[in-house]
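Remarks on the overall topology
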Amino acid sequence: MSHVCVVDANKQPLDPVHPGRARLLLSQGKAAVLKRFPFTIILNVAIDAPVVEELRIKIDPGSKTTGIALVNDQSGEVVFAAELHHRGAKIKEALDDRRAVRCSRRRRHTRYRKARWQNRRRREGWLPPSLTSRISNVLTWVKRLRNLCPITAMSIELVKFDMQAMENPDIQGWEYQQGTLAGYELREYLLEKWNRMCAYCGKGNVPLQVEHIVPRANNGTHRVSNLTLACEKCNQAKGTQDIKDFLKKKPAMLKHILAQAKAPLNDAAAVNATRWELFRGVQALGLPIECGSGGLTKYNRTIRELPKTHWIDAACVGQSTPEHLNITGISPLLITATGYGNRQLCGVDKHGFPKRHRQRKKVHHGYQTGDLVRAVVPEGFAAAGRHVGRVLARATGSFDLRTARGRIEGVPVRYCRPLHRNDGYSYHSTRGGNSSPL
């Protein structure tokens, strides 16, 4: 697993330690648990002017998942890794549902407030809530880790793809394009666009080749819209044939490929739309920032022969990546943004008619929905046994728990003990190669 964060009695960050060392400090009574996610211990004593090793936080932003890694530049050791899953798609779905409900009420001429969207103006640089959520998630975790670890520098992947370099290979200079990075931007873009599968047969996890839709022999260009991916067998079978002749017996596939070739990357567009706002956000934290591109990240990962995961991509961001990265034994913490609940007081059905009303009070008996608790219920109750899970708080004092084994109903509040308060995120561990909710 990843190293354990350590702070002194004044909550000053110290060097992360091996889990075995943290377990020893806890058993000897020299430290106590401060946080469970990420797991952090607090020492019983304060340390004046501690000597710590400087760490670099490295971020690989994504539209759905962002990789985070803490790397020691001197030793090349990855001390902590996480994968942050965003909820931008769920936010958009919720806004669409709310918009549909309001429109249906207006069409029914139900007594309701007047539409006011024509009187509103968006500020300069406005981003939709689904994109703002991604930025807020990344900034939140950078601040949290900075409070727990001695972070002194940051590396962030500012651009996913160098679009200009793909359209005009001389845009950055001849030496740059013909050096060791030549082609990495283009290949990574095509892999993302075509889902890492052959465009003709749909096979994945096989060596793929860059293929011209309109062959070069027929005056086809090197533009990105004329490129796709194909396995060796399909590439040789197509040869210099026109794609319309090659797929004349598969009109549906032909239509799909021609449409996909001109389609933009929605995920890449989301990353590009938020990159500068994210950069300004992390810049305000005052850390020295190093920027990189997706092509450089893939190059660093490829020459080090590392597998492709989000947190390993994060560890490979930027020119500062150590020559040897030590990722032995690292189990990334899987973080999923869940939000703090629903503010909609009147629940409606699919037709927009009210069906329930929520209370304004969120905290019941000291708990709110989403808190991680441990319940030891004695015999005589339907929920007898030891349970650990997320609580569904009710005013009656009879709670439900969402556990790894399923939903446990009817847990009395007096047998619950809090482990981790709801902070807008849920967590999964990946120990032993399996993922289990925490």
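Refer to the structure above for everything that follows.
This is a predicted model, so every value here is computed, not measured.

When two helices pack together, their arrangement is given by the angle between the helix axes and the distance between those axes. Close contact between helix 2 (residues 88-107) and helix 3 (residues 129-148) brings their axes to 8 Å; oriented N to C, the two are set at 150 degrees. In terms of orientation, helix 2 lies roughly antiparallel with respect to helix 3. Helix 2 and helix 3 meet at a crossing whose hand is right-handed. When helix 2 is examined against helix 3, the residues Gly88, Ile91 and Leu95 are found in contact with a partner set consisting of Pro129, Ser130, Ser133 and Arg134.

On to the sheet that holds strand 1 (residues 5-7), then. Strand pairs in the sheet, formed through backbone hydrogen bonds, run parallel or antiparallel to each other. On the basis of which strands lie adjacent, the open sheet formed by three strands has the order 1-3-2 and mixed pairing. Edge strands, defined here as strands with exactly one partner in the open sheet, are strand 1 and strand 2 (31-36). Going across the sheet, the axis of each strand differs from the next one's by a mean of 30 degrees, ignoring polarity. Two strands pair when backbone bridges link them, and strand 2 and strand 3 (residues 39-43) are joined in this way by five bridges, in the antiparallel orientation. Paired with Ala32 across the two strands is Ile42, which belongs to strand 3. Against the sheet, helix 1 (residues 19-27) engages strand 2 and strand 3, with an angle of about 45 degrees to strand 3.

A few words on the sheet that holds strand 19 (residues 406-412). Read from one edge to the other, the open sheet built from five strands follows the order 19-18-17-16-20, with strand pairing classed as antiparallel. Two strands close off the open sheet at either side, each with one partner strand: strand 19 and strand 20 (416-420). Here the average twist between neighbouring strands, direction ignored, is 45 degrees. Bridge count for strand 17 (residues 385-392) against strand 18 (residues 398-403) is three bridges, and the pairing is antiparallel. Looking at strand 18, one finds that Arg390 is bridged to Arg402.

Among the nonpolar cores identified, the biggest contains 38 residues, and Ile57, Trp141 and Ile335 are the most heavily contacted of them. When residues no more than four places from it in sequence are discounted, the contact partners of Ile57 are Ile68, Ala69, Leu70, Val142, Leu145, Ile151, Ala153, Met154 and Ser155.

Calculation notes
- Residues numbered from 1 in each chain as written.
- Predicted model: local features only at pLDDT ≥ 70, side-chain atom pairs only at ≥ 80, totals over all residues.
- Heavy atoms only, no water.
- Axes fitted to C-alpha atoms, helices over the stretch in contact; angles between N-to-C directions.
- Helix = DSSP H or I, 4+ residues; strand = E, 2+ residues; numbered from the N terminus.
- Parallel < 35°, antiparallel > 145°, perpendicular 65-115°, else oblique.
- Left-handed = near helix turned anticlockwise from the far one by under 90°.
- Contact = heavy atoms within 4.5 Å.
- Pairing = 2+ DSSP bridges.
- Core = buried A, V, L, I, M, F, W, Y, C linked by side-chain atoms within 4.5 Å.
- Buried < 20%, exposed > 50% of the residue type's maximum accessible area, 1.4 Å probe, protein only.

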